[in-house]
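Commentary on secondary and tertiary structure
What follows is each chain in one-letter form.
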Amino acid sequence: MFGGCFGSFYHCQCLNSLLDVSDQPSGPCWFCLASPEAEKHLVVNIASHSYLTLAKGPLTPQHVLILPIGHHQSTASAPAETIQEISKYKECLKKMFKLQGLSTVFFERNYKTQHLQIQAVPVDNEKVDSIKASFVDCAKKNKIELHEIPKHSDIKQVVPVGVPYFYAELPSGDKLLHRISKFFPIQFGREALVGPKLLNKPESVDWKNCKYTKDEETNMTKNLRKLFEPFDFS
């Protein structure tokens, strides 16, 4: 679905037909694909129920988001067909990054956001053994508790719809969960990854410190499209 309609994104009627009109945002949403607020130049790939985009203020030039096309707040509340397609994107990204000697960390923050965002951040294979420790250390620093959930389980099985949470899937297969009941640091996922054991970019905790010009973002997106093309299932 990516090639044919992409050139006329702002006027493409097929996007409206893909939206799940049963679940609409209460106000403007930057991540609903048919929304005027969505930054179309960041889009890497479009499937039937979800799409892939360069992250705004990326931790690396290959830091991407997997997002539902329709408006769904979290993995816990998204329909089965959307979750299945997001899983396909995850597997494709793992394969793509593996060819570059990288492993993938996925995380989702269902807190103070209205649209499901799965962050996918590649990390050097040499540092994979430090990923879990980095998340645990970051949790201790912020005085929050991370729980491991069974590797065969998924978020829908352990978190009721409407409950805010942070969730991460690590290259080791470990799945980390924090049910949010009070304060939670918005940039926790980034903070865990930018520490000295992993990306070693402490200044990048805030995405605003990683801003690029629109031309730079466009070029990074074009590079990602080329890299992802062999794995395109859409």
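Above this text you will find the structure in question.
Here's a quick rundown of the structure. Note that the structure is a prediction, hence the values are computed from the model and not measured.

1. Digging into the sheet that holds strand β2 (residues 50-54)
Within the open sheet, the 8 strands sit side by side as β1-β2-β3-β5-β4-β7-β8-β6. Their pairing is antiparallel. Of all the strands in the sheet, just β1 (43-46) and β6 (147-149) have a single pairing partner and so form its edges. Ignoring strand direction, the axes of neighbouring strands in this sheet form an average angle of 25°. Bridge count for β6 against strand β8 (residues 175-179) is 3 bridges, and the pairing is antiparallel. By the bridge assignment for β8, Glu-148 is matched with Leu-176.

2. Describing the nonpolar core
Formed by 25 residues in total, the largest nonpolar core has its most connected members in Ile-131, Phe-135, Phe-166, Phe-188 and Leu-193. Those elements giving two or more residues to this core turn out to be β4 (102-110), β5 (118-124), α4 (131-141), β7 (165-169) and α6 (188-193). It is α4 that contributes the most residues to this core, 4 residues altogether. Dropping the residues within four chain positions of it, Phe-135 is found in contact with Val-105, Leu-146, Phe-166, Ala-168, Leu-170, Leu-176, Phe-188, Gly-189, Ala-192 and Leu-193. The next biggest cluster of nonpolar side chains, apart from the first, holds 24 residues, and it includes Ile-66, Leu-116, Ala-120 and Phe-228.

3. Regarding the environment of Val-205
Tracing the sequence through the fold places Val-205 in the loop between α6 and α7 (214-228). Among the residues examined, Val-205 registers a relative accessible area of 24% and is labelled partly exposed. The sequence separation of Val-205 and Val-194 amounts to 11 residues, and the corresponding C-alpha distance is 6.7 Å. With sequence-adjacent residues up to four places away left out, Val-205 is seen in contact with Gln-187, Arg-190, Glu-191 and Val-194.

4. Observations regarding the side chain of His-178
One can find His-178 in strand β8. Judged by relative accessible area, which is 11%, His-178 ranks as buried. Engagement of the side chain of His-178 in a polar contact is seen with the backbone oxygen of Glu-145, the distance being 2.7 Å. Apart from the residues lying within four places of it in its own chain, the contact partners of His-178 are Ile-144, Glu-145, Leu-146, Pro-164, Tyr-165, Phe-166 and Phe-184.

5. Brief notes about the packing of aromatic side chains
Evaluated as defined, the whole model comprises 9 aromatic pairs. Aromatic side chains Tyr-111 and Phe-184 sit 6.1 Å apart centroid to centroid with 85° between the ring planes, which places their arrangement in the edge-to-face category. Remark: Phe-184 occurs in the loop between β8 and α6 and Tyr-111 occurs in the loop between β4 and β5; sequence separation between them is 73 residues. Across the pair, Phe-184 and Tyr-111 agree in class, each one buried. Within the aromatic cluster, the residues linked to one another by ring pairs are Phe-107, Tyr-111, Phe-135, Phe-166, Phe-184 and Phe-188. The lysine or arginine in question, Lys-90, covers the ring of Phe-106, its NZ or CZ lying 5.6 Å from the ring centre.

Basis of the calculations
- Residues numbered from 1 in each chain as written.
- Predicted model: local features only at pLDDT ≥ 70, side-chain atom pairs only at ≥ 80, totals over all residues.
- Heavy atoms only, no water.
- Pairing = 2+ DSSP bridges.
- Helix = DSSP H or I, 4+ residues; strand = E, 2+ residues; numbered from the N terminus.
- Axes fitted to C-alpha atoms, helices over the stretch in contact; angles between N-to-C directions.
- Core = buried A, V, L, I, M, F, W, Y, C linked by side-chain atoms within 4.5 Å.
- Buried < 20%, exposed > 50% of the residue type's maximum accessible area, 1.4 Å probe, protein only.
- Contact = heavy atoms within 4.5 Å.
- Polar contact = N/O pair within 3.5 Å; in protein donor to acceptor, adjacent residues only side chain to side chain.
- Phe/Tyr/Trp six-rings, centres within 6.5 Å; stacked < 30°, edge-to-face > 60°.
- Lys NZ or Arg CZ within 6 Å of the ring centre and 35° of its normal.

Keep in mind that these numbers describe shape and distance, not what the molecule does.
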